[in-house]
Amino acid sequence: MHDELHFSHTVVIDASRQRIWTALTSTEDRNNYVTTENQADLRPGGAFIEVFQYGPTRAGTFLVVDEPNLLVQENFVFDRGTSHRYYNRVTLSDSFGGTSVTVDVEGFGRSESETWLRENMSVGWRTELQVLKAYVETGEDIRPKVWKGVLMGLRFVTSLRDDAPSGVRVIDVLAGTPAAVAGLRREDVITGVDGTKVGNFVEFRAEVSHFFPGDTATFHLWRDGDAVDRAITFGSAIAA
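Residues numbered from 1 in each chain as written. Predicted model: local features only at pLDDT ≥ 70, side-chain atom pairs only at ≥ 80, totals over all residues. Heavy atoms only, no water.

Participant: Describe the nonpolar core, and please don't skip the residues or the numbers.
Facilitator: By size, the foremost hydrophobic cluster in this structure holds 58 residues, and its most contacted members are Ile20, Leu132, Met152, Leu154, Ile190, Phe204 and Phe219. For this core, the leading source of residues is helix α3 (residues 112–138), giving 11 residues. (Core = buried A, V, L, I, M, F, W, Y, C linked by side-chain atoms within 4.5 Å. Buried < 20%, exposed > 50% of the residue type's maximum accessible area, 1.4 Å probe, protein only. Helix = DSSP H or I, 4+ residues; strand = E, 2+ residues; numbered from the N terminus.)

Next comes the structure, spelled out in structure tokens:
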């Protein structure tokens, strides 16, 4: 349900718990598949900081370090003037000759900003688990395939408005970004992309993931009861 303040994702990886634990906690390994820079004091009470190619820097404290079974972290994300705190638990267990990796994340509030963070991080964690699986099983870094560095300049959440069709509701448009140039506004509900309907955050992110920086797409909007189309040319999050 959309009003839940937590999420959970699981993936099964064809490798031992110890190998996956190393990939999850080793500075060298993490820079090979998920971070661009990270430092970690891997012990209960130890601090960590991670820098990502896309998205805000994440810092925090290890609460539980039970190698190779359980990792619990308190996380802080500072994004556009707001500090957010949440908790994640990574559990490793044997599964049919491989290892089941489950991530449970909680601690989000009900504000627009917290809802955006929760929905955004849910998609991010699900993707990160797939990136981890590919890296551990094949050694391949699939980040360029799944994170293409597309910049829109939008913050949005799954729309729960009773007076509007399904889609994502815009809660912020950053000045000078492709979304602002395209004329998107706060409270617009994006209902489709290039003729494909989107009913929620996950579906919208999935459609946008097909594009690269420099591509142009048409966003179908609901605006104050009217249907409106806006063409957006995606920028590069890397250059930004």
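Don't stop here, the text continues.
Participant: Go over the pairing of strand β10 (residues 168–173) with me, naming the residues and quoting the values.
Facilitator: Bridge count for strand β9 (residues 154–158) against β10 is five bridges, and the pairing is antiparallel. Bridged to leucine 154 within β10 is valine 173. One ladder, built from two bridges, connects β10 with strand β11 (residues 189–193); its direction is antiparallel. The residue bridging arginine 169 from the neighbouring strand is valine 189, located in β11. (Pairing = 2+ DSSP bridges.)

Participant: Could you give me a rundown of the pattern of salt bridges, with the residues and numbers involved?
Facilitator: In this structure the tally under the stated criterion is 17 salt bridges. Here glutamate 112 and arginine 186 are joined by a salt bridge, their closest N and O atoms 3.1 Å apart. Highlighted residues: glutamate 112 in helix α3 and arginine 186 in the loop between α5 (178–182) and β11, separated in sequence by 74 residues. Residue arginine 186 is classed as partly exposed on the basis of its relative accessible area of 44%. Here arginine 186 ties to glutamate 187 by a salt bridge, and the two come within 3.6 Å at their closest N and O atoms. A residue is classified by how much of its surface remains accessible, and glutamate 187, at 29% relative accessible area, is partly exposed. One network of salt bridges, in which partners are shared, links Glu112, Arg161, Asp163, Arg169, Arg186 and Glu187. (Salt bridge = Lys/Arg side-chain N within 4 Å of Asp/Glu carboxyl O.)

Participant: Can you lay out the pairing of strand β3 (residues 47–51) for me, pointing to particular residues and giving the numbers?
Facilitator: Only one face of β3 is buried: it carries Phe48 and Glu50, and the other face, with Ala47, Ile49 and Val51, is open. Two elements, strand β2 (residues 37–40) and β3, share four bridges in a ladder whose sense is antiparallel. Paired with glutamine 39 across the strands is isoleucine 49, a residue of β3. Linkage of β2 to β3, two consecutive antiparallel strands, is achieved through a turn of six residues, within which glycine 45 is found at a positive phi near 90 degrees. When β3 meets strand β4 (residues 58–66), the two strands line up antiparallel, connected through four bridges. Bridge pairing links isoleucine 49 to alanine 59 in β4. Linkage of β3 to β4, two consecutive antiparallel strands, is achieved through a turn of six residues, within which glycine 55 is found at a positive phi near 100 degrees.

Participant: An account of the sheet that holds strand β6 (residues 82–95) is needed here, citing residue identities and associated values.
Facilitator: Overall, antiparallel pairing links the seven strands, which are arranged β1-β7-β6-β5-β4-β3-β2 in an open sheet. Two strands bound the open sheet, and with one partner strand each, they are β1 (6–13) and β2. Taking each pair of neighbouring strands and ignoring which way they run, the sheet shows an average axis angle of 20 degrees. In this sheet, β6 lies alongside strand β5 (residues 70–79) in antiparallel orientation, the contact comprising 10 bridges. By the bridge assignment for β6, phenylalanine 76 is matched with arginine 85. Running over the sheet, helix α1 (residues 17–25) touches β1, β4, β5, β6 and β7 (98–106) and is turned about 165 degrees from β6. In the packing of α3 onto the sheet, the strands contacted are β1, β4, β5, β6 and β7, and the crossing angle to β1 comes to about 5 degrees. (Axes fitted to C-alpha atoms, helices over the stretch in contact; angles between N-to-C directions. Contact = heavy atoms within 4.5 Å.)

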